[in-house]
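# Fold and geometry: a report
Below, each chain spelled out in residue letters.
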Amino acid sequence: MLISQDELKENIAKNLVFYRKQSGLTQLDLAEKLNYSDKAVSKWERGESLPDVYILTQIAELFGVTVDCMLGTKVQKKPVKRQNRIIITALSMCIVWLAATVCFVTLKLLPINFVCALPACAVVAVVFCSLWWNRFWRLVSVSALIWSSAGCIYAITDYILSLQKPGTVFSVAAVLQVMAILWFLIKKQ
């Protein structure tokens, strides 16, 4: 049975809207992940145009479904669950803390290595937020990286070098925070 181009556009549009909303993404979030404009995503969702095969493959992979599911009339109800993403992120952060604990116990490192685990966890959060979450959570994870790095630098300089000038470190962190917020505001427009 052959399917017409209009039916294909309608199927893709319906499935794209369903999976995008189920993933908690806006059209802009999806467009950024695909390096397309939100106008193109909007046209696909209205059935005015079709994404090319390569982009359709990327979309299916992003939502954890097959290309056949994107083309077909039956919607696959169980793509990668949001809960699984949270668990995967949490497990990855636990690995960072496990490594810090192993280093502390076996290598008899200073307790300061636990403070250094905070920016490492923030890096993990930045990576997973970039893959799976929306703009707000990406900004939160970048902010956590900025401030945990500043805290780590301050703790190291205070603990090891006995320098007590936190103003410089936290002033730089504040400037970086403002830059991060401005960056996310610029990209939103």
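Quick summary incoming for the structure in this document. (Residues numbered from 1 in each chain as written. Predicted model: local features only at pLDDT ≥ 70, side-chain atom pairs only at ≥ 80, totals over all residues. Heavy atoms only, no water.)

For the coordinates displayed, the defined rule picks out three salt bridges. Salt-bridge contacts for Arg 20 lead to Glu 45; the nearest nitrogen and oxygen are separated by 2.4 Å. With Arg 20 in helix α1 (residues 5–22) and Glu 45 in helix α3 (residues 38–46), this residue pair connects regions lying 25 residues apart in the sequence. Side by side, Arg 20 and Glu 45 carry an identical accessibility label, which is buried. (Salt bridge = Lys/Arg side-chain N within 4 Å of Asp/Glu carboxyl O. Helix = DSSP H or I, 4+ residues; strand = E, 2+ residues; numbered from the N terminus. Buried < 20%, exposed > 50% of the residue type's maximum accessible area, 1.4 Å probe, protein only.)

It is worth spelling out the nonpolar core at this point. Counting residues in each nonpolar core, the largest one holds 18 residues, and the members touching the most others are Leu 16, Trp 44, Ile 59, Phe 63, Val 65 and Met 70. Listing elements by their share of this core, those giving two or more residues are α1, α2 (27–34), α3, α4 (53–63) and α5 (67–71). For this core, the element with the highest residue contribution is α4, accounting for five residues. What Leu 16 contacts, discounting residues up to four positions off in sequence, is Leu 30, Val 41, Trp 44, Glu 45, Ile 59, Phe 63 and Met 70. (Core = buried A, V, L, I, M, F, W, Y, C linked by side-chain atoms within 4.5 Å. Contact = heavy atoms within 4.5 Å.)

Within the span of α3, buried status applies to Ala 40, Val 41, Ser 42, Trp 44 and Glu 45. Turning to α3, the residues buried within the fold contact α1, α2 and α4. Looking at the residues trailing α3, positive phi occurs at Gly 47, about 80 degrees.

A pair of packed helices can be characterised by two numbers: the angle between their axes and the separation between those axes. Running from N to C, α1 and α3 point in directions that differ by 120 degrees, and their axes come no closer than 6 Å. Looking at the two axes, α1 sits oblique to α3. In contact with Ala 13, Leu 16, Val 17 and Arg 20 of α1, α3 contributes Val 41, Trp 44, Glu 45 and Arg 46. Tallied by class, residues from the contact of α1 with α3 come to five nonpolar, no polar and three charged. (Axes fitted to C-alpha atoms, helices over the stretch in contact; angles between N-to-C directions. Parallel < 35°, antiparallel > 145°, perpendicular 65-115°, else oblique. Nonpolar A, V, L, I, M, F, W, Y, C, P; charged D, E, K, R; others polar.)

Glancing now at the packing of aromatic side chains. A full pass over the atoms with the stated rule returns six aromatic pairs. When the ring of Tyr 154 is compared with that of Phe 170, the centres are 5.8 Å apart and the planes differ by 50 degrees; the resulting orientation is tilted. Placement of Tyr 154 in helix α8 (residues 135–159) and of Phe 170 in helix α9 (residues 166–188) is noted, with a sequence separation of 16 residues between them. Within the aromatic cluster, the residues linked to one another by ring pairs are Phe 18, Tyr 19 and Phe 63. (Phe/Tyr/Trp six-rings, centres within 6.5 Å; stacked < 30°, edge-to-face > 60°.)

Right, let's get into empty space enclosed by the protein. Under the definition given, this model contains one cavity of 30 Å³ or more. Taken as a whole, the largest cavity encloses approximately 40 Å³ of empty space. Lining the largest cavity are Ser 23, Leu 25, Lys 33, Leu 62, Arg 85, Leu 131 and Trp 132. (1 Å grid on protein atoms, 1.4 Å probe; cavity = no way out; pocket = protein on both sides within 12 Å on 5 of 7 lines; lining within 4 Å. Points joined across faces, edges and corners; volume = space filled by probe spheres on them.)

Moving on to α2. Since the α-helix packs 3.6 residues into each turn, any two residues three or four apart lie on the same face. The complete set of buried residues in α2 reads Asp 29, Leu 30, Ala 31 and Leu 34. Downstream of α2 by a residue or two, Asn 35 has a phi angle that is positive, lying close to 60 degrees.

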